[in-house]
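# A look at the structure
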Amino acid sequence: MTNIISRGFRGRRQSPEEARRLPPGQYLTERFPVLSAGPTPHTPLTAWDFSVVAPNGRSKQWNWQEFQTLPRETITTDIHCVTRWSKFDTVWEGVSLDTLLAGFVEDGQFIMAFCDGGYTTNLPIADVIGGKTWIADTYDGQPLEAEHGGPARLLVPHLYFWKSAKWVRGLRLLTRDEPGFWENYGYHMYGDPWREQRYQGD
Ligand SMILES: Nc1nc2c(c(=O)[nH]1)N[C@H]1C(S)=C(S)[C@@H](COP(=O)(O)O)O[C@H]1N2
Ligand SMILES: [Mo]
């Protein structure tokens, strides 16, 4: 069934390479769909900052200028949306969460990303450190467009893309896991595309 659907979308047979890189139940798209639960915020860079907040209230903050001086990485990665589209070889630039969470990793087991507009999403700390996740502020060599989360978004390519919070403004460390926005509406707490963890109970 899945195969017939994805062949319909692409109009050709899946290559072995594609079959290897495409998680179960996903189809490949060249487009970059926009999925937002509400209106696109437009926070000016002069009003933007990024915070890391420990459970005891200790915090660290960078304004846009300070954020731009942090070590940057270029990331080329596949992304997978729970609505079943996947996109290969997307190119981003951003700051590793290892850099942003330095000195805070021992303060919790989970994080809640928070955003302009009120969106939140939860992640285990173990998943966001170790060179796997970034706060990205460019896409395809250009400043990240507002509809895709600019000025900056979380990039968590190894989990479904709802974990990649757009318009992110900070990370709150948690001692216990708590559901974020979509997780409250029944999406999976973890969201591994390779195990098809779309909804609670998957
Ligand atoms: N702040 C915020 N971040 C968000 C969302 C949202 O509604 N608000 N949607 C999520 C979902 S469900 C997906 S699939 C991706 C979509 O990112 P895109 O619009 O750049 O494709 O953003 C995620 N991050
Ligand atoms: Mo999504």
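This section reports on the structure supplied with the text. (Residues numbered from 1 in each chain as written. Chains lettered and ligands numbered in written order. Predicted model: local features only at pLDDT ≥ 70, side-chain atom pairs only at ≥ 80, totals over all residues. Heavy atoms only, no water.)

### Considering the site of ligand 1
In the neighbourhood of ligand 1, 20 residues make up the surrounding shell, with P33, A37, H148, R153 and K166 lying closest. At 2.6 Å from an oxygen atom of ligand 1 is found a side-chain nitrogen or oxygen belonging to H148. S164 places a main-chain nitrogen or oxygen 3.1 Å from a nitrogen atom of ligand 1. Taking 530 Å² as the accessible area of ligand 1 by itself, protein coverage stands at 97%. Of the residues assigned to the shell around ligand 1, the class counts are 14 nonpolar, three polar and three charged. (Near = heavy atom within 4 Å. Polar contact = N/O pair within 3.5 Å; in protein donor to acceptor, adjacent residues only side chain to side chain. Areas by Shrake-Rupley, 256 points an atom, 1.4 Å probe, with all protein chains shown as cover. Nonpolar A, V, L, I, M, F, W, Y, C, P; charged D, E, K, R; others polar.)

### Observations concerning the sheet that holds strand β11 (residues 168-174)
If you trace the five strands from one edge of the open sheet to the other, you get β3-β2-β11-β6-β7, paired in mixed fashion. Two strands in the sheet have a free side with no partner beyond their single neighbour: β3 (59-63) and β7 (120-124). Strand-to-strand twist across the sheet, computed as the mean angle between neighbouring axes with direction ignored, equals 15°. The sheet contact formed by strand β6 (residues 110-115) and β11 spans six bridges and is antiparallel. Among the inter-strand pairings, F114 is bridged to a residue of β11, identified as G170. (Pairing = 2+ DSSP bridges. Helix = DSSP H or I, 4+ residues; strand = E, 2+ residues; numbered from the N terminus. Axes fitted to C-alpha atoms, helices over the stretch in contact; angles between N-to-C directions.)

### Thoughts on the pairing of strand β8 (residues 134-139)
Along β8, six of the six residues are buried, which leaves the element largely enclosed by surrounding structure. With five bridges connecting them, strand β5 (residues 85-96) and β8 associate as antiparallel partners. Each bridged residue has a counterpart across the sheet, and for W92 the counterpart in β8 is Y139. Bridging between β8 and strand β9 (residues 142-143) involves two bridges; their strand directions are antiparallel. (Buried < 20%, exposed > 50% of the residue type's maximum accessible area, 1.4 Å probe, protein only.)

### Some remarks on the packing of aromatic side chains
All told, the structure shown has 20 aromatic pairs when counted by the stated rule. Aromatic side chains F32 and Y139 sit 4.9 Å apart centroid to centroid with 50° between the ring planes, which places their arrangement in the tilted category. Of this pair, F32 sits in the loop between β1 (27-28) and β2 (49-53) while Y139 sits in strand β8, and the two are 107 residues apart along the sequence. Comparing F32 with Y139 shows no difference in burial state: the two are buried. (Phe/Tyr/Trp six-rings, centres within 6.5 Å; stacked < 30°, edge-to-face > 60°.)

Keep in mind these numbers describe shape, not what the thing actually does.
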